[in-house]
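Here is what each chain is made of, one letter per residue.
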Amino acid sequence: MKIYRAHSYQEMSRKAANIISAQIIMNPKCVLGLATGSSPIGIYEQLVDWYNKDDLDFARVKTVNLDEYRGLDKDNPQSYNYFMHHHLFSKVNIKEKNIHIPDGMNEDAEDECKKYEELIDSLGGIDLQLLGLGPNGHIGFNEPSNCFTRKTHVVDLAEATIEANKRFFEDASMVPRQAYTMGIGTIMRAKKILMVVEGEKKAEILKRALTEEVTPEVPASILQLHPDFTLVADDAALSKLDW
Ligand code: F6R
């Protein structure tokens, strides 16, 4: 595990964007696993900036997103599909056919999950997976539970997640109760994992995830076992770690 410390959100975003940019430069046809939420917005801004300066080319990059709310259309501003187009895809030269996000409108959950897993396999797996950390230790939408899920599946969102994500909606009642998410297995099979964590409110869960036992009660704790895991976090998030 590598840990990079940043003194601000901007610095964290730049350090993480450096790693993604290096991945694209090393392998212009790479498969990037991407995340939504507040944590990666600065990374996407930085990548767009480098693209505008002609230092990055997304022409052959492929992407797979971690998750999507169930029941939200891709044109719904709260959907993760919309978020990704807004913050990154519409601003760089990625090809639409190379963008993959679970289809929140597919009512046949079994079909959607199977298709998504097969798609990731057909791309040769994920080269670099970007993650944020949920307030309850979730990664993707893999909520605390009694076992690590292997594949893409439908989850019932935990109350803590609904509470944390309601800031993007009019009120908590508007937050969808279910989502499609890559499984822990799907995420752990990525060749590299990059996690960004920011703020004092994540300090305790980050400490539990990285220094205590590996348990599905804290889904991110499994990252301790990944052979190529990098964390980029700010001072506040690292404040409870002896590091
Ligand atoms: C987003 C995702 C989530 C978030 C996590 C942290 O696609 O899968 O696991 O990464 O909830 O969210 P923020 O960054 O908003 O604190």
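Residues numbered from 1 in each chain as written. Predicted model: local features only at pLDDT ≥ 70, side-chain atom pairs only at ≥ 80, totals over all residues. Heavy atoms only, no water.

### Regarding the overall build of the protein chain
Secondary structure assignment for the protein chain yields eight helices and 10 strands. Taking 243 residues into account, the globule formula puts the C-alpha radius of gyration at 18 Å, and the protein chain, at 17 Å, falls close to it. In the form shown here, the protein chain has an accessible surface area of approximately 11100 Å², with 49% of it arising from carbon and sulfur atoms. Computed over 28 positive and 37 negative side-chain charges, the inter-centroid distance for the protein chain is 6 Å. (Helix = DSSP H or I, 4+ residues; strand = E, 2+ residues; numbered from the N terminus. Rg over C-alpha atoms; globule rule 2.2 N^0.38 Å. Areas by Shrake-Rupley, 256 points an atom, 1.4 Å probe, with all protein chains shown as cover. Lys, Arg positive; Asp, Glu negative; His and termini not counted. Charge placed at Lys NZ, Arg CZ, Asp CG, Glu CD.)

### Description of the pairing of strand β10 (residues 229-234)
Most of β10 sits out of view: six of its six residues are buried. Burial along β10 is two-sided: Phe 229, Leu 231 and Ala 233 facing one way and Thr 230, Val 232 and Asp 234 facing the other are all buried. When strand β9 (residues 192-197) meets β10, the two strands line up parallel, connected through five bridges. Its bridge partner being in β10, Val 197 is matched across the sheet by Ala 233. Handedness of the crossover joining β9 and β10 through helix α7 (residues 203-211) is recorded here as right-handed. (Buried < 20%, exposed > 50% of the residue type's maximum accessible area, 1.4 Å probe, protein only. Pairing = 2+ DSSP bridges. Right-handed = clockwise from strand over helix to strand, strands pointing away.)

### Points about a positive patch on the surface
Residues Lys 29, Arg 60, Lys 95 and Lys 97 make up a contiguous surface patch of positive charge. Structurally, Lys 97 is set in the loop between α3 (80-87) and β5 (99-100). Of the residues examined, Lys 97 reaches a relative accessible area of 61% and is grouped as exposed. (Patch = residues over 30% accessible without salt bridge, like charges linked within 9 Å, V, L, I, M, F, W, Y side chains within 5 Å. Salt bridge = Lys/Arg side-chain N within 4 Å of Asp/Glu carboxyl O.)

### A look at the site of the ligand
Of all residues adjacent to the ligand, which total 14 residues, the nearest are Ser 39, Asp 67, His 138, Gly 140 and Arg 167. Here Thr 36 contributes a side-chain N or O atom positioned 2.9 Å from an oxygen atom of the ligand. Taking His 138, its side chain carries an N or O atom lying 2.7 Å from an oxygen atom of the ligand. Notes on the ligand: free accessible area 410 Å², of which the protein chains cover 95%. (Near = heavy atom within 4 Å. Polar contact = N/O pair within 3.5 Å; in protein donor to acceptor, adjacent residues only side chain to side chain.)

### A few points about helix α1 (residues 9-26)
Counted at 1.5 Å a residue, the expected span for α1 with its 18 residues is 26 Å, and the 26 Å between its end C-alpha atoms agrees. Taken together, the buried positions of α1 are occupied by Met 12, Ser 13, Ala 16, Ala 17, Ile 20, Ser 21, Gln 23 and Ile 24. The buried residues of α1 occupy an angular sector of 165 degrees when the element is viewed end-on, so they sit on one face. Facing away from the buried side of α1, by more than 90 degrees, are the exposed residues Ile 25 and Met 26. (Expected span 1.5 Å × (residues − 1). Arc of directions from axis to C-beta.)

### Quick word on the side chain of Asp 127
Relative to the assigned elements, Asp 127 resides in the loop between α4 (109-122) and β6 (128-131). In this structure the side chain of Asp 127 is engaged in a polar contact, spanning 3.3 Å, whose partner is the side chain of Lys 191. When neighbours within four sequence positions are excluded, Asp 127 is seen to be in contact with Gln 23, Asn 27, Cys 30, Val 31, Lys 191 and Lys 192. (Contact = heavy atoms within 4.5 Å.)

### Looking at α4
If you check α4, its first and last C-alpha atoms are 20 Å apart, about what 14 residues at 1.5 Å a residue would give, namely 20 Å. The complete set of buried residues in α4 reads Ala 109, Glu 112, Cys 113, Tyr 116, Glu 117 and Ile 120. One side of α4 carries all its buried residues, which in axial view fall inside an arc of 125 degrees. With respect to the buried face of α4, the exposed residues turned more than 90 degrees away are Glu 110, Lys 114, Asp 121 and Ser 122. The elements touched by buried residues of α4 are β3 (62-65), β5, β7 (153-156), β8 (178-181) and α6 (184-188). Trailing α4 by a residue or two, Gly 124 shows a phi angle of about 90 degrees, which is positive.

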